[in-house]
Amino acid sequence: MSALRRFEQFMEQMVEGSVARMFRSPIQPVEIARRLERAMESNQKISIKRVIVPSFYRAYLHPQDFAAFQPVRQQLEQEMATYLSELAAERNFTLLDQPRVVLAEDPSVPRRSIQVVAEMSDSQAEQPNMTMIMQADRGVGRSSGAFLLLHTGHEPQALPIETTTVTIGRGLDNDIILEDTRVSRKHAQLRYRQRQFWLFDLGSTNGTFVNGERIAERALRDGDVVSLGGLELTFREG
């Protein structure tokens with residue numbers, strides 16, 4: 001049974017019970033669950049061997065919509081967290097912490113609307129939120145065909161370039177995460193300008209190289225070999 005179907009069955013059981021009157025709100029719990037799913041999908045962080053997704057989610061509702069969920073809020077939050085855990089397992093995503101969901105009210109959210117903020121963990125709540133940071137509509141999408149081919153392990157791994165600005169490094173706040181000690185926490189950045197991708201070094205310790213030459217910035221061409229402190233990737237486009 002899929003994670004979503006199990007969640008739907010749980011909600012059906014709740015509605016059949018004494019809390020049915022609480023779900024006359026125009027927003028249904030399954031709608032919130034689907035928004036959480038979209039936030040998880042949209043905030044993937046690509047690592048060498050895994051895809052990391054956020055563990056902490058806040059779902060904001062208008063106060064009038066939120067009121068319908070308040071009596072069973074804790075139970076819903078726990079069930080939605082379980083749903084995200086099962087969803088991550090289904091899709092082979094990595095969670096750095098046990099998932100947590102918080103339902104909250106916000107007068108700035110329109111009626112019948114849901115706004116979700118996703119973060120890597122609750123302890124990092126002071127960092128800027130990452131909601132929808134991997135959306136293709138920021139200028140360059142999957143259809144561009146641009147990607148970095150990582151040469152490690154038995155088979156090369158394709159790391160898609162999905163936005164006009166992509167930060168690469170060892171830290172979890174990068175768009176592409178390379179868990180390699182040779183790579184700095186924030187090592188390099190790809191920027192799309194003048195109808196092509198440019199690679200910029202971000203003051204890395206071990207340097208950024210293109211075709212064996214150390215660079216501060218360089219326009220990339222299809223087939224260029226990029227080295228981040230010794231970790232090699234091939235830039236492919238088209």
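Now for a description of the structure that goes with this document.

The rules behind these values
Residues numbered from 1 in each chain as written. Predicted model: local features only at pLDDT ≥ 70, side-chain atom pairs only at ≥ 80, totals over all residues. Heavy atoms only, no water. Helix = DSSP H or I, 4+ residues; strand = E, 2+ residues; numbered from the N terminus. Expected span 1.5 Å × (residues − 1). Buried < 20%, exposed > 50% of the residue type's maximum accessible area, 1.4 Å probe, protein only. Polar contact = N/O pair within 3.5 Å; in protein donor to acceptor, adjacent residues only side chain to side chain. Contact = heavy atoms within 4.5 Å. Pairing = 2+ DSSP bridges. Phe/Tyr/Trp six-rings, centres within 6.5 Å; stacked < 30°, edge-to-face > 60°. Lys NZ or Arg CZ within 6 Å of the ring centre and 35° of its normal. Salt bridge = Lys/Arg side-chain N within 4 Å of Asp/Glu carboxyl O.

### Considerations on helix 2 (residues 29-42)
Here is step 1 of the chain: For helix 2, spanning 14 residues, the distance from its first C-alpha to its last is 20 Å, which sits close to the expected 20 Å at 1.5 Å a residue.
Here is step 2 of the chain: Among the residues of helix 2, those classed as buried are Pro-29, Ile-32, Ala-33, Leu-36, Glu-37, Ala-39, Met-40 and Ser-42.

### What to know about the side chain of Thr-208
Here is step 1 of the chain: Relative to the elements of secondary structure, Thr-208 occurs in strand 13 (residues 208-210).
Here is step 2 of the chain: At 3.4 Å, the side chain of Thr-208 forms a polar contact with the side chain of His-187.
Here is step 3 of the chain: Looking at Thr-208, its side chain comes within polar contact range of the side chain of Asp-201, at 2.6 Å.
Here is step 4 of the chain: Setting aside its immediate chain neighbours within four residues, Thr-208 contacts His-187, Ala-188, Leu-199, Asp-201, Glu-213, Arg-214, Ile-215, Ser-227 and Leu-228.

### Here's the deal with the sheet that holds strand 8 (residues 157-160)
Here is step 1 of the chain: If you walk across this open sheet you meet the six strands as 8-7-17-16-13-14, and the pairing is antiparallel. The open sheet has two edge strands with one neighbour each: strand 8 and strand 14 (213-214).

### What to know about the packing of aromatic side chains
Here a ring pair, both rings aromatic, is described through the centre-centre distance and the interplanar angle of the planes.
Here is step 1 of the chain: Per the counting criterion, the structure on display carries two aromatic pairs.
Here is step 2 of the chain: A centroid spacing of 6.0 Å and a plane angle of 65 degrees characterise the contact between Phe-197 and Phe-235, whose relative ring orientation is edge-to-face. On the criterion of sequence distance, the pair formed by Phe-197 in strand 12 (residues 196-201) and Phe-235 in strand 17 (residues 231-236) is long-range, its members being 38 residues apart.
Here is step 3 of the chain: A relative accessible area of 0% places Phe-197 in the buried class.
Here is step 4 of the chain: A relative accessible area of 0% means that Phe-235 is categorised as buried.
Here is step 5 of the chain: Among the aromatic residues, those joined into a ring-pair cluster are Tyr-192, Phe-197 and Phe-235.
Here is step 6 of the chain: The cationic tip of Arg-191 hangs over the ring face of Phe-200; the distance from NZ or CZ to the ring centre is 3.8 Å.
Here is step 7 of the chain: Just above the ring of Trp-198 sits the side chain of Arg-193; from NZ or CZ to the centre is 4.4 Å.

### Things to note about helix 4 (residues 73-90)
Here is step 1 of the chain: Compared with an ideal rise of 1.5 Å per residue, which puts 18 residues at 26 Å, helix 4 spans 26 Å between its outermost C-alpha atoms and is within 8% of the ideal.
Here is step 2 of the chain: Leu-76, Glu-77, Glu-79, Met-80, Ala-81, Tyr-83, Leu-84, Leu-87 and Ala-88 are the residues of helix 4 that are buried.
Here is step 3 of the chain: Once helix 4 ends, the next one or two residues include Asn-92, with phi positive near 60 degrees.

### Some points on the pattern of salt bridges
Here is step 1 of the chain: For the structure on display, the rule yields eleven salt bridges.
Here is step 2 of the chain: Taking the shortest distance from any N to any O, the salt bridge between Arg-91 and Glu-41 comes out at 2.2 Å. Residue Arg-91 is found in the loop between helix 4 and strand 4 (93-95), and its partner Glu-41 is found in helix 2; the two are separated by 50 residues along the sequence.
Here is step 3 of the chain: Residue Arg-91 is classed as partly exposed on the basis of its relative accessible area of 31%.

### Thoughts on the side chain of Asn-174
Here is step 1 of the chain: Its place among the elements puts Asn-174 in the loop between strand 9 (165-169) and strand 10 (176-177).
Here is step 2 of the chain: When its relative accessible area of 0% is taken as the criterion, Asn-174 is described as buried.
Here is step 3 of the chain: Among the polar contacts made by the side chain of Asn-174, one reaches the main-chain carbonyl oxygen of Gly-171 at a distance of 2.7 Å.
Here is step 4 of the chain: With residues up to four places along the chain from it excluded, the contact list for Asn-174 reads Lys-45, Thr-167, Ile-168, Gly-169, Arg-185 and Lys-186.

### A short note on the pairing of strand 9
Here is step 1 of the chain: With respect to burial, strand 9 is a largely interior element, four of its five residues being buried.
Here is step 2 of the chain: The sheet contact formed by strand 9 and strand 11 (residues 188-193) spans four bridges and is antiparallel. Paired with Thr-165 across the strands is Arg-191, a residue of strand 11.

### Some details on the environment of Glu-217
Here is step 1 of the chain: Note that Glu-217 resides in strand 15 (residues 217-219).
Here is step 2 of the chain: Beyond its immediate stretch of four places on either side in the chain, Glu-217 contacts Arg-193, Trp-198, Leu-199 and Phe-200.
Here is step 3 of the chain: Among the polar contacts listed, one links the side chain of Glu-217 to the side chain of Arg-193, at a separation of 3.3 Å.

### Remarks on the pairing of strand 16 (residues 225-228)
Here is step 1 of the chain: Note: strand 13 against strand 16, three bridges, orientation antiparallel. Each bridged residue has a counterpart across the sheet, and for Phe-209 the counterpart in strand 16 is Ser-227.
Here is step 2 of the chain: Sheet topology places strand 16 next to strand 17; four bridges connect them, and they run antiparallel. Paired with Val-226 across the bridge in strand 17 is Leu-233.
Here is step 3 of the chain: Where strand 16 hands over to strand 17, the hairpin turn is made up of two residues, of which Gly-229 adopts a positive phi near 65 degrees.

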